[in-house]
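# Results of the structural survey
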Amino acid sequence: MVLSPVPLEETLVCRTHTMLKDRMRADLRVYRGAIQAMERSTGKAFDKAQKLAEIARICFEAARDRLNAHVSSHQCEVPYVG
Ligand SMILES: [Zn+2]
């Protein structure tokens, strides 16, 4: 049994990483919700939902980019646990 050369505590407890990932997931939920609203609506409501979905997509992509930038500079990727 060979232990990882990187101390587990350091790789598993990165508050910034956790915070950025939570933020990204929250933005993704908003984006998915906006797309579902688009699928349900027509006319003006559709236009409004489409604008919201576009904004949500930009927020999600920005959150994802922040997480990726943090992971590449901090080397703190942790296993995805759901
Ligand atoms: Zn980190």
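About the thresholds
- Residues numbered from 1 in each chain as written.
- Predicted model: local features only at pLDDT ≥ 70, side-chain atom pairs only at ≥ 80, totals over all residues.
- Helix = DSSP H or I, 4+ residues; strand = E, 2+ residues; numbered from the N terminus.
- Core = buried A, V, L, I, M, F, W, Y, C linked by C-beta atoms within 7 Å.
- Buried ≥ 20, exposed ≤ 12 C-beta atoms within 10 Å, placed from the backbone.
- Contact = placed C-beta atoms within 7 Å.

## Brief notes about the environment of I55
Summarising the element assignment, I55 is placed in helix α3 (residues 43–74). I55 sits 21 residues away from A34 along the chain, and the two C-alpha atoms are 9.5 Å apart.

## Structural notes on the nonpolar core
Grouped together as the largest cluster of nonpolar side chains are 7 residues: L20, M24, Y31, A34, A49, F60 and L67. Listing elements by their share of this core, those giving two or more residues are α2 (15–40) and α3. Looking at this core, the element that brings in the most residues is α2, giving 4 residues. Apart from residues lying up to four places away in sequence, L20 is in contact with A63, R66, L67 and H70.

This is a description of form; function is not addressed.
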